[in-house]
Amino acid sequence: MSGHHCHRCGSSLHPGAMKCSGCMAGVVYGATGAEKNHAAKVGAALMLASWCYLVSFSIPAIVTGVAATLAAAGLFRLAATRARAGYVRTFY
Ligand SMILES: [Zn+2]
């Protein structure tokens, strides 16, 4: 873990030290909080974008499916009406 140096004063950093012994600059190991937050925002934006992308395709699909279902129901109702046009039946 040796070989890390302060980016401000150049002092060598003790392994595990939270602050530089030379200038008291904060030491961050790995990703900083800002870098993690940025990555989280990128991930959220990508997820939201892909979700909107999918919805933009699925809404027309839903509308088309509902319209086709209603049209088919209307056609079959009309066909059934015409097929029985000459019928006279009683029911109880
Ligand atoms: Zn320093």
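This text follows the structure it describes.
Cut-offs and rules
- Residues numbered from 1 in each chain as written.
- Predicted model: local features only at pLDDT ≥ 70, side-chain atom pairs only at ≥ 80, totals over all residues.
- Heavy atoms only, no water.
- Patch = residues over 30% accessible without salt bridge, like charges linked within 9 Å, V, L, I, M, F, W, Y side chains within 5 Å.
- Areas by Shrake-Rupley, 256 points an atom, 1.4 Å probe, with all protein chains shown as cover.
- Salt bridge = Lys/Arg side-chain N within 4 Å of Asp/Glu carboxyl O.
- Helix = DSSP H or I, 4+ residues; strand = E, 2+ residues; numbered from the N terminus.
- Buried < 20%, exposed > 50% of the residue type's maximum accessible area, 1.4 Å probe, protein only.
- Donors = N, O, S within 2.8 Å, 3.2 Å for Na, K, Ca; no water.
- Tetrahedral: all angles 85-135°; square planar, octahedral: opposite > 155°, others 65-115°.

A. Inspection of a nonpolar patch on the surface at higher detail. A surface patch of nonpolar side chains, about 380 Å² in accessible area, is lined by Tyr53, Leu54 and Phe57. Mapped onto the secondary structure, Leu54 falls in helix H1 (residues 33-83). We classify Leu54 as exposed; its relative accessible area is 56%.

B. Region of interest: the coordination of the zinc ion. Only Cys6 (SG), Cys9 (SG), Cys20 (SG) and Cys23 (SG) from the protein reach the zinc ion as donors, at distances of 2.3 Å. In this structure, the zinc ion is surrounded by 4 donor atoms whose angles at the metal cover 98 to 115°, and the resulting shape is tetrahedral. Its relative accessible area of 8% is what places Cys6 among the buried residues.

C. Main features of the environment of Tyr92. With respect to the helices and strands, the residue Tyr92 is situated in the segment after H1. A residue is classified by how much of its surface remains accessible, and Tyr92, at 99% relative accessible area, is exposed. Spatially, the C-alpha atom of Tyr92 lies 96 Å from that of Gly3, the residues being 89 residues apart in sequence.

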